[in-house]
Amino acid sequence: MWFWPFTREKTYKEAGLLNGMTDWHTHILPGVDDGVANMDDAVKTLKQYSHMDIREVWLTPHINVDMPNETDVLRKRFDELQQVYQNFEHSSEHHLVKIHLGGEYMLDSLLLERLCKRDILTLGDDTHLLLQLGIANQPEKLFDKIREIQNVGYVPLLAHPERYLYMSRSDYHTLRKDMGVEFQLNLPSLVGLYGPEAMRRAKMLLEAGYYTYVGSDLHNLHKFYAAITEYKISTKHIELLREIVDSTAK
Ligand SMILES: [Fe+2]
C-alpha cells in the first residue's frame, strides 16, 4: 500500500508554533481561581513552558463577582511566584520564562466597579483588558457595556469568542470590525477540546483574520499538553496562527 510521505497536518508542537511564543491567557497564578492550585504546580507548569520554548506568559486569573480577586492580593501572589520560580530555575539550563500579571474580567457588576476606580490589571501595552462573557447566554446590552469599557480608555480583548455559541456571524463582525474589539483564540478550541461547534467557529474566525492574540487558557497542564501534542491542525491554519504568534511575541 502507498502512503503519501508528506503529511499536510501537524500538532502545534510539531509545527514549532510554541517556539518563542507569548501565551496571553492562563490560570497559572496559584490558589486564586479554578486554575493551578498551589505554588509547586505553578512552578512545574512554568518549567514545562520553558521545555516547550514558550518565552512569555501572562497570568490572567479570573476576576468576577464569584471570584472577586483584589488587585493588591494578586500582585502579592504574583511576586511570591516570581521569587519561588526564579530561585527554582536559577541553576537550570533552560531559559527563564518571563511572567506577567494580568486578569480575565467577566463582564459583570464587579468589572463596572473596577472600571470606575481604574483598578484594572491590563495586558501588553497598559490598555488591553481581557474580557470574558458568560458561556450560556449573551449578556444584556452587550454592545453598550463594551462601549463603556472603551469610553474609560481600555481596549477590550475578548477571550475565546469561538466559545460563545449564541453569537451570530454578524455579532462577531460588529464587535471586531465596527467596534474594534480584539479577539483572543484559545488554542485548544482549534483542535476540538471545547466541542465541534467551538472548533468550527475557531476555524471560521481564524480564516476571517479576526484573531489578534492566542492563548492556552491553561487551567491544567495535562489538558494543554494533550492539546498541543495529540491533535493535528492543517497547514493553512498553522500559517495563519504563525502570523499572529509572530506579531504578538516580544
Ligand atoms: Fe480563562
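The rules behind the values
Residues numbered from 1 in each chain as written. Predicted model: local features only at pLDDT ≥ 70, side-chain atom pairs only at ≥ 80, totals over all residues. Heavy atoms only, no water. Helix = DSSP H or I, 4+ residues; strand = E, 2+ residues; numbered from the N terminus. Expected span 1.5 Å × (residues − 1). Polar contact = N/O pair within 3.5 Å; in protein donor to acceptor, adjacent residues only side chain to side chain. Donors = N, O, S within 2.8 Å, 3.2 Å for Na, K, Ca; no water. Tetrahedral: all angles 85-135°; square planar, octahedral: opposite > 155°, others 65-115°. Buried < 20%, exposed > 50% of the residue type's maximum accessible area, 1.4 Å probe, protein only. Pairing = 2+ DSSP bridges. Axes fitted to C-alpha atoms, helices over the stretch in contact; angles between N-to-C directions. Salt bridge = Lys/Arg side-chain N within 4 Å of Asp/Glu carboxyl O. Phe/Tyr/Trp six-rings, centres within 6.5 Å; stacked < 30°, edge-to-face > 60°. Parallel < 35°, antiparallel > 145°, perpendicular 65-115°, else oblique. Left-handed = near helix turned anticlockwise from the far one by under 90°. Contact = heavy atoms within 4.5 Å. Nonpolar A, V, L, I, M, F, W, Y, C, P; charged D, E, K, R; others polar.

Draft legend 1. A look at helix α1 (residues 39-51). Helix length check: α1, at 13 residues, gives a terminal C-alpha distance of 19 Å against a target of 18 Å (1.5 Å per residue), a fit within 8%. Structurally, the start of α1 carries an N-cap: the backbone nitrogen of D40 is 3.3 Å from a side-chain oxygen of N38.

Draft legend 2. Seen up close, the environment of K44. Mapped onto the secondary structure, K44 falls in helix α1. For the pair K44 and E14, spaced 30 residues apart in sequence, the C-alpha to C-alpha distance is 22 Å.

Draft legend 3. Main features of the coordination of the iron ion. For the iron ion, the full set of protein donor atoms is H25 (NE2), H27 (NE2), E104 (OE) and D217 (OD), and the range of their distances to it is 2.0 to 2.2 Å. Because the angles between the 4 donor atoms bound to the iron ion fall within 84 to 172 degrees, the donor set is best described as irregular. In primary-sequence terms, the residues that donate to the iron ion follow H-x1-H-x76-E-x112-D. Note that H27 is positioned in the loop between β2 (22-26) and α1 and D217 in the loop between β10 (211-215) and α8 (221-229), a separation of 190 residues in sequence. With respect to class, H27 is no different from D217; both count as buried.

Draft legend 4. Geometry of the sheet that holds β2. The parallel open sheet is built from 3 strands, whose spatial order is β2-β3-β5. Bordering the open sheet on either side are β2 and β5 (98-101), each of which pairs with just one other strand. Strand after strand, the sheet turns through a mean of 20 degrees between neighbouring axes, direction not considered. Pairing between β2 and strand β3 (residues 56-59): 3 bridges, direction parallel. Bridge assignment links T22 to a residue of β3, and that residue is E56.

Draft legend 5. Seen up close, the pattern of salt bridges. Applying the stated criterion across every chain yields a total of 12 salt bridges. Between K44 and D41 there is a salt bridge, with the nearest N and O atoms lying 4.0 Å from each other. Highlighted residues: K44 and D41, both in helix α1, separated by 3 residues, approximately one helical turn. On the basis of relative accessibility, which here comes to 53%, the residue K44 falls in the exposed class. By relative accessible area, which is 32% here, D41 ends up partly exposed. Salt bridges linked by common partners bring E70, R114 and D119 together as one network.

Draft legend 6. Looking closely at the packing of aromatic side chains. Enumeration according to the criterion identifies 6 aromatic pairs in this entry. Measuring from centroid to centroid gives 5.6 Å for W24 and W58, while their planes differ by 10 degrees, and the two rings are stacked. Of the two residues, W24 is situated in strand β2 and W58 in strand β3; the sequence distance between them amounts to 34 residues. Through pairs of rings, three or more aromatic residues link up here, namely W24, W58 and Y213.

Draft legend 7. Up close: the packing of helix α7 (residues 196-207) against helix α9 (residues 235-248). Viewed as axis vectors pointing N to C, α7 and α9 meet at an angle of 60 degrees, and their least axial separation amounts to 10 Å. On the basis of the axis angle, α7 is oblique to α9. Remark: the crossing between α7 and α9 carries left-handed chirality. Every residue of α9 that contacts α7 at K203, L206 and E207 is listed here: K236, H237, L240, L241 and I244. Here the residues of the contact of α7 with α9 sort into 4 nonpolar, 1 polar and 3 charged.

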